[in-house]
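An overview of the molecular structure
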Amino acid sequence: QVQLVESGGGLVQAGGSLRLSCVASGRTFSTVAMGWFRQAPGNEREFVAGISRSGLSTSYAHSVKDRFTISRDNAANTVYLQMNSLKPEDTAVYYCAEDPDRYFSGSDPLNYNYWGRGTQVTVSS
C-alpha cells in the first residue's frame, strides 16, 4: 500500500524559508517520479515542482523558479521542497505526489497516481 506523508509546513514571515519533506512507503522509491503541488483556498491545485526517478531532472512552476528547490534522497524514501524567499502568495496546502509510470512526470496532475494529505504553509506579510 502506497503512502505519502508530508511534513515541515508552518507559519513563516515573508522572506523566510521552510523545508518540506515527504516520506514515501509501499513501493521502491527510486522507481517513481515525484512532484509537489499546492492548493490555496478557492483555487485549483497547481504544480510547484517535479523530479525524476534519479533526481537528475527537475522542473518548476514559473512562480517559484529560483526560490524553491526540489530534491530527493532515494535511500531515505524522501522528497524535499526547500522554499526560500517566501511570499504571502505562496500560502497554500502543499501536497506531494507519486507517479510510478514515468521517469519524469512534470506538471500534469493526471500523471500522478498517489497523493499525500498535505501540509499547510502560511506566509504572513
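Our subject is the structure listed above.
Being a predicted model, the structure only gives us computed values, none of them experimental.

Cut-offs used in this document
Starting from 1, residues in each chain are numbered consecutively following that chain's sequence as written. This being a predicted model, a pLDDT of at least 70 is required before a residue's local features are given, and a value of 80 or more before pairs of side-chain atoms are given or counted; all residues contribute to the totals for chains, interfaces and linings. Excluded from the side-chain calculation are hydrogens and water; included are all heavy atoms of the structure. For this analysis, a nonpolar core means a set of buried residues of the types Ala, Val, Leu, Ile, Met, Phe, Trp, Tyr and Cys, connected via side-chain atoms within 4.5 Å. Think of it in three bands: residues with accessible area under 20% of the maximum for their type are buried, residues over 50% are exposed, and the middle band is partly exposed, with areas taken using a 1.4 Å probe on protein chains only. Labels follow the DSSP assignment, with helices taken as runs of H or I lasting at least four residues and strands as runs of E lasting at least two, numbered in each case from the N terminus. A contact between two residues is defined here by any heavy atoms of the two lying within 4.5 Å. Whether two strands pair comes down to DSSP finding at least two bridges between them. Fitted lines through C-alpha atoms give the axes, limited to the stretch in contact for helices. The angle between two N-to-C directions lies from 0 to 180 degrees. Note on disulfides: each one is a pair of cysteine sulfur atoms within 2.5 Å. Only centres within 6.5 Å qualify two rings of Phe, Tyr or Trp (six-membered ring in Trp) as a pair; their planes then separate them into stacked at under 30 degrees, edge-to-face at over 60, and tilted for everything else. To sit over a ring, a charge needs its Lys NZ or Arg CZ within 6 Å of the ring centre and within 35 degrees of the ring normal. Under the rule applied, a polar contact is a pair of N or O atoms within 3.5 Å (in protein, one hydrogen donor and one hydrogen acceptor; residues adjacent in sequence only if both atoms are side-chain atoms). The term salt bridge refers to a pairing of a side-chain nitrogen on Lys or Arg with a carboxyl oxygen on Asp or Glu at a separation within 4 Å.

1. So, the nonpolar core
With 31 residues, the main nonpolar core has Trp 36, Val 79, Leu 81, Met 83 and Tyr 94 as its most contacted residues. Of all the secondary-structure elements, those providing two or more residues to this core are β3 (18-25), β4 (33-39), β5 (46-51), β7 (68-73), β8 (78-83), β9 (92-99) and β11 (119-124). With near-sequence residues (within four places) excluded, Leu 81 lies in contact with Leu 18, Arg 19, Leu 20, Trp 36, Val 48, Ala 49, Phe 68, Thr 69, Ile 70 and Tyr 94.

2. Comments concerning the environment of Ile 70
Considering the arrangement of structural elements, one finds Ile 70 in strand β7. Other than its neighbours up to four places away in sequence, Ile 70 contacts Met 34, Trp 36, Ala 49, Gly 50, Ile 51, Thr 58, Tyr 60, Val 79, Tyr 80 and Leu 81.

3. Let's talk about the sheet that holds β7
The four strands lie next to each other as β1-β3-β8-β7, forming an open sheet whose pairing is antiparallel. A single partner strand is all that each edge strand has here, and the edge strands are β1 (3-7) and β7. Looking at each pair of strands side by side, their axes are set apart by 15 degrees on average, direction ignored. Note: β7 against β8, six bridges, orientation antiparallel. Considered in β8, the bridge of Ile 70 is made with Leu 81.

4. Brief notes about the state of the cysteines
One pass over the structure, following the stated rule, counts one disulfide. Here Cys 22 is linked by a disulfide to Cys 96, with a sulfur-sulfur distance of 1.9 Å. Taking the torsion about the sulfur-sulfur bond, which here is approximately 50 degrees, the covalent link between Cys 22 and Cys 96 counts as right-handed. Pair noted here: Cys 22 is in strand β3 and Cys 96 is in strand β9, with a separation of 74 residues, a long-range link. A relative accessible area of 0% means that Cys 96 is categorised as buried.

5. Some points on the packing of aromatic side chains
Counted by the stated rule, this structure contains four aromatic pairs. With centroids separated by 5.6 Å and ring planes inclined at 75 degrees, the aromatic side chains of Phe 37 and Phe 47 adopt a geometry described as edge-to-face. Residue Phe 37 is located in strand β4, and its partner Phe 47 is located in strand β5; the two are separated by 10 residues in the primary sequence. Like Phe 37, the residue Phe 47 is buried in the burial classification. In this structure an aromatic cluster arises from ring pairing among Phe 37, Phe 47, Tyr 112 and Trp 115. One cation-aromatic arrangement involves Arg 19 over Tyr 80; the distance from NZ or CZ to the ring centre is 3.9 Å.

6. Section: the side chain of Asp 99
Among the secondary structure elements, Asp 99 is positioned in strand β9. Overall, Asp 99 belongs to the buried group, its relative accessible area being 0%. A polar contact is formed between the side chain of Asp 99 and the backbone nitrogen of Asp 101, at a distance of 2.8 Å.

7. With respect to the pattern of salt bridges
The full count for this structure, using the stated rule, is five salt bridges. Taking the shortest distance from any N to any O, the salt bridge between Glu 46 and Arg 38 comes out at 2.6 Å. On the basis of relative accessibility, which here comes to 36%, the residue Glu 46 falls in the partly exposed class. For the salt bridge of Asp 90 with Arg 67, the shortest nitrogen-to-oxygen distance reads 2.7 Å. Within this pair, whereas Asp 90 is found in the loop between β8 and β9, its partner Arg 67 is found in the loop between β6 (58-60) and β7, the two being separated by 23 residues in sequence. With a relative accessible area of 0%, Asp 90 lands in the buried category. Among the charged side chains, a salt-bridge network with shared partners connects Arg 38, Glu 46, Arg 67 and Asp 90.

The quantities given are spatial measurements derived from coordinates; they are silent on function.
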